[in-house]
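# Structural features, examined
Here is what each chain is made of, one letter per residue.
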Amino acid sequence: MSNFEIITREDFSDLTYLLEVRHPLMAKAAKPGQFVIVMLGEHGERIPLTIADFDREKGTITLVIQAIGKTTRQMQQECQVGTSLYAMVGPMGIPSPISHAKKVVCVGGGLGVAPIYPQARGFKESGAYVIGIVGFRNKDLVFWEKKFRACCDEFIICTDDGSAGIKGMVTAGILQAIEKHPDIDEVIAIGPPIMMKGCADTTRPYKIKTMVSLNPVMVDGTGMCGGCRVKIGDQVKFACVDGPDFDGHLVDFDDLMTRLKRYTKEERMALDHWEKDKEKGCRLQKAVDSTID
Amino acid sequence: MAKKKTIRTIPQERTPMREQDPAVRSKNFEEVACGYHPDDALRESDRCLMCPDQPCVSGCPVGINIPGFIKKIGEKDLRGAYDILTATSLLPAICGRVCPQENQCEGVCTVGESLEAVAIGRLERFVGDTAIREGWVNIPYIETNNYKVGIIGSGPAGMACAADMAKAGCDVTVFEAFHQPGGVLKYGIPDFRLPNSVIDAEIGNLRKLGVKFECNTLVGRLFTIEQMITEMGYDSVFVGVGAGYPTMLGIPGDSLNGVLSANELLTRCNLMRAKEFPNFDTPQPIGKRVAVVGAGNTAMDAMRVSVRLGAEKVYCIYRRSRKEAPARVEEVHHAEQEGVEFNWLTNPVAVLDDGKGSVRGLRCVRMELGEPDESGRRRPVPVVGSEFDFECDLIVYAIGTNANPIMGQTSKLRLNKWGYIDTDLSLATSLAGVFAGGDIVTGAATVIEAMGAGRKAAASMKAYLGIRDSTLPYANDGEKLFGIDLRERNFTRVRVA
Ligand SMILES: Cc1cc2nc3c(=O)[nH]c(=O)nc-3n(C[C@H](O)[C@H](O)[C@H](O)COP(=O)(O)OP(=O)(O)OC[C@H]3O[C@@H](n4cnc5c(N)ncnc54)[C@H](O)[C@@H]3O)c2cc1C
Ligand SMILES: Cc1cc2nc3c(=O)[nH]c(=O)nc-3n(C[C@H](O)[C@H](O)[C@H](O)COP(=O)(O)OP(=O)(O)OC[C@H]3O[C@@H](n4cnc5c(N)ncnc54)[C@H](O)[C@@H]3O)c2cc1C
Ligand code: SF4
Ligand code: SF4
Ligand code: FES
């Protein structure tokens with residue numbers, strides 16, 4: 001299909017980076033809310049990443065990644081322009097329904113800021129009044145402000161320390177929006193589970209439909225392993241084929257958060273192993289360098 | 001001519017196959033059964049009575065000429081044996097290893113009525129392995145036509161259909177969602193039962209026939225079946241995406257950490273090589289005590305993988321008795337040898353929580369067999385008051401799979417009420433030019449049945465495209481014209497290349 005070449009890379013902070021990967025067929029097929037599964041190398045893990053943007057003309061897919069563990073850090077180090085990923089499959093999941101809502105709030109926090117963007121744009125394109133709310137720890141981590149402003153009728157930045165926008169969490173932004181607009185039809189929230197839980201709790205008393213995008217641990221992404229199962233009301237669903245979007249008021253977030261901790265010990269081991277290898281590599285490199293000197 | 005063999009004159013004992021010692025093999029992923037030596041194969045071939053009525057052939061889902069290939073082994077003409085096998089079966093080295101022979105060919109073998117049946121599977125494997133070692137392939141002269149055929153899924157069904165269509169001269173591309181082809185053979189069945197090298201050899205043979213493999217391609221989402229036909233120029237499509245979607249028990253505690261499907265355990269271990277973690281990135285922490293629920297082939301694989309990953313104790317929990325266990329007899333035997341403890345007539349009722357979101361144990365109830373159910377098997381019923389707790393820290397469900405929903409979500413293919421793809425007897429689906437076969441049509445079945453379905457679909461596809469084998473005599477039975485089935489209303493699509 002493609003050799004998954006990286007054609008652009010941008011670093012938003014020392015934690016977050018963007019990769020634009022060539023895959024014309026996928027760029028044609030991708031819709032907001034879908035994700036890909038990526039393997040960095042033959043020995044790599046399959047990690048799911050939301051399609052943060054796509055460019056049908058250029059034939060590219062944009063991923064925005066937070067370096068939090070072994071694979072995402074290794075990618076941060078190794079994925080440079082001109083290199084290729086070993087595998088990238090998708091688009092996976094059911095596209096987010098861009099409903100006929102007239103007034104929507106799109107909320108992104110942490111690793112959810114990038115994936116909320118295509119949804120905001122999608123709603124804008126279908127004629128809705130879009131209020132964008134994004135949350136960051138501080139001013140230095142803010143990215144894509146211009147992009148968001150271009151497709152949002154209102155745009156609220158929330159920072160933990162108040163260094164940009166309003167001080168507080170995205171839920172404060174939601175409350176502010178609800179106060180100003182009593183006629184909000186729908187809230188879409190993407191981010192860490194704890195944040196999505198907060199958003200769902202905030203909108204529940206107002207009975208505003210709230211969609212969230214769940215990110216359980218995945219293996220295949222094709223509905224074959226059941227590792228990604230989540231509790232929605234009294235049902236069990238596989239996030240990769242039945243989702244990843246679900247009604248936030250029905251999601252059992254505590255279950256999701258517990259399940260995300262399943263491999264904590266092994267994740268630590270993988271990271272340590274890699275860092276040791278890296279050090280060894282550096283020492284080797286230094287030894288080589290010193291012999292050249 | 002040699003004098004006629006009788007049940008008295010043949011070697012009475014079935015020729016044993018050397019196996020790795022259980023104590024050694026339970027610590028490695030090398031193949032358990034080591035295969036026949038040529039002398040073993042020769043001796044075993046001598047046990048076949050060459051029955052004129054060939055009951056074994058009708059026992060094989062694809063009707064391999066069993067006495068024919070065994071006779072060639074007896075004549076030390078292994079190439080001849082291989083040619084006979086591959087006239088019917090595409091994957092002898094694979095089916096010889098994993099077929100449930102006791103229910104199929106060997107189950108009806110005449111010798112089996114008084115002695116142990118002829119070891120047909122082992123002989124088949126012997127020939128298949130020899131072919132791989134010698135690099136034999138039967139690549140016919142292929143006259144290319146201009147038809148483009150797309151195959152979705154690279155399991156045995158897709159591989160078989162791809163081979164037949166490539167031999168018919170079509171330009172064949174196989175699309176696979178995973179990063180490696182092979183289907184369940186790769187991600188499900190472990191190396192110690194079916195080494196990857198055997199699968200890769202068979203895939204290599206397909207490549208030699210001109211079949212192209214496109215991995216990392218999730219059909220339905222990257223492009224749809226409809227798009228393949230309308231935009232991408234495929235004249236016909238075969239859907240062989242397997243069943244997949246694992247069933248969970250639906251008891252309290254199902255979502256605790258440490259409860260997973262056998263598919264997940266096996267995929268992590270086989271395809272993602274969790275057994276080599278952290279040199280490979282995908283982990284599969286294994287518990288001290290592992291309980292596997294179910295007693296099919298998948299369950300046996302999950303147990304034996306757990307043993308090899310270092311579990312101290314592995315339990316099999318099954319609600320019926322040993323007699324009803326769907327796994328191959330050999331697998332149950334191997335699992336037992338490797339130290340798995342079987343708990344027949346035991347049914348889980350709840351997964352127990354350790355208070356931190358992980359598994360502490362499994363609450364079970366004893367069962368007894370009651371009246372026979374629809375399947376003719378005696379229905380297990382719980383014994384009142386017999387609840388008891390197992391201590392375990394990993395629970396693996398191997399209780400079956402449902403149809404994968406992606407094809408249904410993304411196309412107009414008609415599904416049956418269970419979500420499997422609806423086909424007619426020729427394996428044609430509700431979309432013109434689209435055929436389907438394997439687990440996604442029948443529900444979980446066997447490798448050889450999936451392969452048979454792939455070949456049957458290929459035959460229907462050829463009729464649909466109007467491709468006729470000019471070496472076969474032309475027969476006009478009124479329903480077919482030049483190999484085109486007149487009942488197939490779409491034959492007007494046949495084009496002149
Ligand atoms: C549908 C979906 C979309 C996602 N989109 C993005 C995205 O756009 N950008 C982004 O940066 N991240 C995204 N993630 C999360 C991303 O997959 C994980 O950050 C990544 O797998 C971590 O791998 P690692 O080896 O670097 O970290 P690990 O060392 O494996 O884990 C570090 C932490 O990440 C969590 N984690 C581990 N594996 C997964 C997993 N498969 N899915 C979710 N969390 C996991 C663990 O709980 C742990 O706390 C998405 C996840 C899903 C399921
Ligand atoms: C653990 C286990 C052990 C088994 N042991 C035995 C045994 O000993 N003997 C035996 O005879 N049978 C056994 N079986 C059953 C046998 O493997 C299956 O019946 C057989 O593999 C079915 O073949 P298939 O071609 O229909 O599908 P599969 O082998 O399931 O292959 C389907 C392929 O399609 C791919 N796919 C799915 N969706 C898409 C999509 N949308 N786009 C592209 N690709 C897609 C999948 O990734 C997969 O690779 C076992 C099964 C399992 C799970
Ligand atoms: S394919 Fe399977 S059933 Fe048929 S002869 Fe071979 S081992 Fe027996
Ligand atoms: S039934 Fe048994 S003995 Fe008879 S031909 Fe078949 S394999 Fe040989
Ligand atoms: S990731 Fe395996 S079923 Fe969803």
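Residues numbered from 1 in each chain as written. Chains lettered and ligands numbered in written order. Predicted model: local features only at pLDDT ≥ 70, side-chain atom pairs only at ≥ 80, totals over all residues. Heavy atoms only, no water.

### Observations regarding the interface of chain B and chain A
- With 45 residues of chain B in contact, the opposing surface of chain A contributes 51 residues.
- Here chain B packs against chain A, burying approximately 3,900 Å² in sum over the two surfaces, 58% of which is carbon and sulfur.
- If you sort the residues of chain B by the area they bury against chain A, Arg221, Leu222 and Asp281 of chain B come out on top, with a joint share of 17%.
- Our enumeration of links across chain B and chain A arrives at zero salt bridges.
- Viewed at the interface, chain A and chain B are joined by 14 residue pairs in polar contact (both at pLDDT 80 or more). (Contact = heavy atoms within 4.5 Å. Buried area = accessible area lost by both parts, 1.4 Å probe. Salt bridge = Lys/Arg side-chain N within 4 Å of Asp/Glu carboxyl O. Polar contact = N/O pair within 3.5 Å; in protein donor to acceptor, adjacent residues only side chain to side chain.)

### Topic: the site of ligand 3
- As a matter of local geometry, ligand 3 sits amid Cys60, Pro61, Ile64, Ile66, Cys95, Cys99, Gln101, Gln104, Cys105, Glu124 and Ile448 of chain B.
- In terms of residue class, the shell around ligand 3 is built from eight nonpolar, two polar and one charged. (Near = heavy atom within 4 Å. Nonpolar A, V, L, I, M, F, W, Y, C, P; charged D, E, K, R; others polar.)

### Regarding the site of ligand 2
Residue and element names in this part refer to chain B.
- Around ligand 2, 36 residues are found, and the nearest of them are Val98, Ala157, Glu176, Arg193 and Asp439.
- Here a nitrogen atom of ligand 2 and a backbone polar atom of Val98 are 2.5 Å apart.
- Within the contact set of ligand 2, an oxygen atom lies 3.1 Å away from a backbone nitrogen or oxygen of Ala445.
- Compared with its free state, where it exposes 1,000 Å², ligand 2 has 96% of that area covered by protein.
- Among the elements of the structure, helix 8 (156-167), helix 9 (184-187), helix 13 (297-308) and helix 17 (447-465) are those that each provide at least two residues to the shell around ligand 2.
- Counting residues per element, the shell around ligand 2 draws most heavily on helix 13, which supplies three residues.
- When grouped by side-chain class, the residues that make up the shell around ligand 2 number 19 nonpolar, 12 polar and five charged. (Areas by Shrake-Rupley, 256 points an atom, 1.4 Å probe, with all protein chains shown as cover. Helix = DSSP H or I, 4+ residues; strand = E, 2+ residues; numbered from the N terminus.)

### Things to note about the confidence of the model for chain B
Residue and element names in this part refer to chain B.
- Considering every residue of chain B, the mean pLDDT works out to 86; 93% of them sit at 70 or more.
- Per-residue pLDDT stays below 50 along residues 488-497; that stretch engages in 17 contacts with residues further than four places along the chain or on separate chains.
- Scored as a whole, the predicted complex attains pTM 0.87, and scored at its interfaces, ipTM 0.87. (pLDDT = per-residue confidence, 0-100.)

### What to know about the environment of Gly243 of chain A
Residues and elements named next belong to chain A.
- With respect to the element layout, Gly243 can be found in the loop between helix 7 (239-242) and strand 16 (245-247).
- Linking Gly243 and Ser213, residues 30 residues apart in sequence, is a C-alpha distance of 7.7 Å.
- Gly243 has contacts with Gly93, Ile94 and Phe238, leaving out every residue within four places of it along the chain.

### Things to note about helix 10 (residues 196-208) of chain B
All names here are of chain B.
- The end-to-end C-alpha distance of helix 10, which contains 13 residues, comes to 18 Å, matching closely the 18 Å that a straight helix rising 1.5 Å per residue would cover.
- Regarding helix 10, the residues found buried are Asn196, Val198, Ile199, Glu202, Ile203, Asn205 and Leu206.
- Turning to helix 10, the residues buried within the fold contact helix 5 (78-88), helix 6 (92-98), helix 7 (120-134), helix 8, helix 9 and strand 3 (212-214). (Expected span 1.5 Å × (residues − 1). Buried < 20%, exposed > 50% of the residue type's maximum accessible area, 1.4 Å probe, protein only.)

### Points about the sheet that holds strand 14 (residues 434-436) of chain B
Residues and elements named next belong to chain B.
- In space, the five strands of this open sheet follow the order 3-2-1-4-14, with parallel pairing throughout. The open sheet terminates on both sides in strands that have one partner only, identified here as strand 3 and strand 14. Across the sheet, the axes of successive neighbouring strands diverge by a mean angle of 20°, strand direction being ignored.
- As judged from the five bridges shared by strand 1 (residues 148-152) and strand 2 (residues 171-175), these two strands associate in the parallel manner. Considered in strand 2, the bridge of Ile152 is made with Phe175.
- Sitting on the sheet, helix 17 is in contact with strand 1, strand 4 (236-239) and strand 14, with an inclination near 165° to strand 4. (Pairing = 2+ DSSP bridges. Axes fitted to C-alpha atoms, helices over the stretch in contact; angles between N-to-C directions.)

### Focus: the sheet that holds strand 3 (residues 35-39) of chain A
All names here are of chain A.
- One open sheet accounts for three strands, arranged 4-3-7; its pairing is antiparallel. Sheet topology places strand 4 (47-50) and strand 7 (87-92) at the edges, where each strand pairs with a single neighbour. If you compare each strand with its neighbour and ignore which way they point, the axes differ by 25° on average.
- One ladder, built from four bridges, connects strand 3 with strand 4; its direction is antiparallel. When the bridges of strand 4 are listed, Val38 appears paired with Ile47.

### As for the side chain of Asn257 of chain B
- Its place among the elements puts Asn257 of chain B in the loop between strand 4 and strand 5 (259-261).
- Beyond its immediate sequence surroundings of up to four residues, Asn257 of chain B is in contact with Thr258, Arg259, Lys261 and Arg262 of chain A together with Gly357, Ser358 and Val359 of chain B.

### Structural notes on the confidence of the model for chain A
- Looking at chain A, pLDDT values average 86 and 94% of them are 70 or higher.
- For chain A, helix 9 (residues 264-292) of chain A is the element with the lowest average pLDDT, namely 65, and strand 3 of chain A is the one with the highest, namely 94.

### A few points about the environment of Leu115 of chain B
All names here are of chain B.
- Structurally, Leu115 can be placed in the loop between helix 6 and helix 7.
- For the pair Leu115 and Gln12, spaced 103 residues apart in the sequence, the C-alpha separation amounts to 6.8 Å.
- Residues contacting Leu115, with those up to four places away along its chain left out, are Ile7, Ile10, Gln12 and Arg47.

### Comments concerning the environment of Pro326 of chain B
All names here are of chain B.
- Counting through the fold element by element, Pro326 comes out in the loop between strand 7 (313-317) and helix 14 (329-337).
- For Pro326, a relative accessible area of 48% corresponds to the partly exposed category.
- Leave out the neighbours within four places in its chain, and Pro326 touches Ala295, Gly296 and Tyr318.

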